[in-house]
Amino acid sequence: MNLHGLRLFYIVAKAGSVTVASEQLKISQPAITSQIKKFERENGITLFLPQGRGICLSEIGEQLVKEADAVFKIENRMEALIDNYKKGKNGTLKIAGNYLSTNFLIPMWAAKLKKENKDITVEINTLNTEEAIDHLISYKVDVAVLGGGAMKYTDRIDTIKIRDDDLWFVASLNHKYANKKVSINDIMLEPFIMREKGSYARVLLESLCHISSIKVPDIALEFNGLHETLMASTSGYGVSFCSSIAAKEFIDMGKLARIYVDNVDLKNEIVICTRKNEKISNLTEKFISIINN
C-alpha cells in the first residue's frame, strides 16, 4: 500500500478540505489531489463523493479514515519511542562491575539514573575484571565500572578515571595493631584474610612484598567475595588488605579498625570502561554523567 497517498488522504479528510491540508503540509493542492487520485486508482476505490463545496467521504473513505487514524497513532508512538531511545529516555542499560563497584558504587548511580528516567531498565552484572571486559567487548553489556586491573585491556577499551581508591590494612578493633602504626615487616608476620588469588588487592600485596624483599604473608582464610573477607576480619583473627571504599563502612560501624603501615600508600584506580573508539549511547552518556557529577 502507498502510505504516502494514504497519509495525504487522511490529512485532507481530517482537515475537511484540500486547501487547509495544503496549507498544513506546505504542498500545492494539485500535488495533493494527484497523489490521492493515484492512491484511488492503485486500490480501485473512490474515497470522495462529488459535492459542491468541501469534501464528502465515500463509504470506504469513512472506514479507511478510522483505520488510518489507528495506523498513524501507532506511527506517532513509534516515532516517539525512537526519539526517546535516542535521547536516552527509554531502553535498557546493561552495566558490568566487579564486586567492589556493584556493591558499593554502582547501586547509588543506577538508582539516580532510574529516578530521572523512569521508563528505562537497568541491569547490573557482578563479574571479575576479565569477564566484565569480555562482556563489554561482545556487546553483552553497555558499560563497565572496574578497578585498576582494567587498564591491562586499553587496547580494546576506552577508560575514564572516576577516582582513586586507597588500599588499607584493617583488622578487628581488638587486634593488637588496631589503630596503630607498624612496620611492613611486622604486619606481614600476621595471618591474612584475603580475596582469591588473582584479585587486585592480593596482587598488589604480593607485589609490595616482592619490592620490599619480604616473604608473602600466610593467607589463613580466602574468600571469593570482599564482603565475606571483611566480615571474617571482624572476628578478631587476621588482617585484611582491601579497598578503603568497602572497609570504611565497617570502620564507621565500629567493626573494623585501620592499621597504619609505614611507607605504604597504595591506590586502586576506579574507571568507567566503554568499547574502543565507539560512539556510546545517550543512555550510557547519562550514566557516565551521573557518575562524574
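Residues numbered from 1 in each chain as written. Predicted model: local features only at pLDDT ≥ 70, side-chain atom pairs only at ≥ 80, totals over all residues. Heavy atoms only, no water.

A. Representation of the overall build of the protein chain in the model. When helices and strands are counted, the protein chain shows 12 helices and 12 strands. Its C-alpha atoms put the protein chain at 105 × 40 × 25 Å along the principal axes. Residues classed as buried in the protein chain amount to 42% of the 293 residues present. Considering only contacts within the protein chain whose residues lie at least 6 apart along the sequence, 72% involve residues at least 24 apart. In the form shown here, the protein chain has an accessible surface area of approximately 16,000 Å², with 51% of it arising from carbon and sulfur atoms. Taking the 38 positively charged and 36 negatively charged side chains of the protein chain as two groups, their mean positions are separated by 5 Å. (Helix = DSSP H or I, 4+ residues; strand = E, 2+ residues; numbered from the N terminus. Buried < 20%, exposed > 50% of the residue type's maximum accessible area, 1.4 Å probe, protein only. Contact = heavy atoms within 4.5 Å. Areas by Shrake-Rupley, 256 points an atom, 1.4 Å probe, with all protein chains shown as cover. Lys, Arg positive; Asp, Glu negative; His and termini not counted. Charge placed at Lys NZ, Arg CZ, Asp CG, Glu CD.)

B. Expanded view of the domain arrangement of the protein chain. One can read the domain layout of the protein chain as domain 1 (1-85) and domain 2 (91-292). The centre of domain 1, based on its C-alpha atoms, is set 61 Å off from the matching centre of domain 2. (Domains from an automatic or database assignment.)

C. Fine view of the state of the cysteines. Applying the stated rule across the entire model yields zero disulfides. Here Cys209 is not cross-linked by a disulfide; its sulfur's nearest cysteine counterpart is in Cys242, at 16 Å. Residue class for Cys209 comes out buried when judged on its relative accessible area of 1%. (Disulfide = S-S within 2.5 Å.)

D. Representation of the nonpolar core in the model. In this structure, Trp109, Leu226, Leu230 and Phe287 are the most contacted members of the largest nonpolar core, which totals 30 residues. Looking at this core element by element, the count peaks at five residues for helix 12 (residues 282-292). If near-sequence neighbours (up to four positions away) are discounted, Phe287 is found in contact with Leu93, Ile95, Trp109, Ala110, Leu113, Val143 and Val145. One finds Phe169, Tyr177, Leu204 and Leu208 within the second-largest nonpolar core, a separate group that totals 20 residues. (Core = buried A, V, L, I, M, F, W, Y, C linked by side-chain atoms within 4.5 Å.)

E. Highlighting the packing of aromatic side chains. In total, this model carries four aromatic pairs according to the counting rule given. Arranged with centres 5.2 Å apart and planes meeting at 45 degrees, the rings of Tyr10 and Phe72 form a pair that is tilted. Here the residue Tyr10 occupies a position in helix 1 (residues 3-15), and Phe72 occupies one in helix 4 (residues 59-86), the gap between them amounting to 62 residues. Of the two residues examined, Tyr10 and Phe72, each falls in the buried class. Taken together, a centroid distance of 6.2 Å and an interplanar angle of 80 degrees make the contact between Phe169 and Phe192 edge-to-face. Of this pair, Phe169 sits in strand 6 (residues 157-171) while Phe192 sits in strand 8 (residues 192-195), and the two are 23 residues apart along the sequence. Within the aromatic cluster, the residues linked to one another by ring pairs are Phe169, Phe192 and Phe241. (Phe/Tyr/Trp six-rings, centres within 6.5 Å; stacked < 30°, edge-to-face > 60°.)

F. How the structure looks around the packing of helix 10 (residues 226-233) against helix 11 (residues 244-252). Running from N to C, helix 10 and helix 11 point in directions that differ by 40 degrees, and their axes come no closer than 11 Å. Comparing their axes, helix 11 and helix 10 come out oblique. The interaxial crossing formed by helix 10 with helix 11 has right-handed handedness. Between helix 10, through Leu226, His227, Leu230 and Met231, and helix 11, the contact on the second element is made entirely by Ala246, Ala247 and Phe250. Among the residues making up the contact of helix 10 with helix 11, the classes are represented as six nonpolar, one polar and no charged. (Axes fitted to C-alpha atoms, helices over the stretch in contact; angles between N-to-C directions. Parallel < 35°, antiparallel > 145°, perpendicular 65-115°, else oblique. Left-handed = near helix turned anticlockwise from the far one by under 90°. Nonpolar A, V, L, I, M, F, W, Y, C, P; charged D, E, K, R; others polar.)

G. Region of interest: the pairing of strand 6. Pairing of strand 6 with strand 12 (residues 267-275), which is carried by nine bridges, proceeds in the antiparallel orientation. What sits directly across from Ile160, in strand 12, is Ile272. In this structure, strand 6 lies alongside strand 10 (residues 240-243), joined through four bridges in antiparallel fashion. Within the sheet, the bridge partner assigned to Phe169 lies in strand 10 and is Phe241. Note: strand 6 against strand 11 (residues 257-261), three bridges, orientation antiparallel. Of the residues in strand 11, the one forming a bridge with Ala171 is Ala257. (Pairing = 2+ DSSP bridges.)

H. View of the side chain of Glu190. On the secondary structure map, Glu190 appears in the loop between helix 8 (184-187) and strand 8. Taking the relative accessible area as the measure of exposure, Glu190 reaches 11% and is therefore buried. Within polar-contact distance, the side chain of Glu190 engages the side chain of His175 at 3.2 Å. Leave out the neighbours within four places in its chain, and Glu190 touches His175, Lys176, Tyr177, Pro217, Asp218 and Val239. (Polar contact = N/O pair within 3.5 Å; in protein donor to acceptor, adjacent residues only side chain to side chain.)

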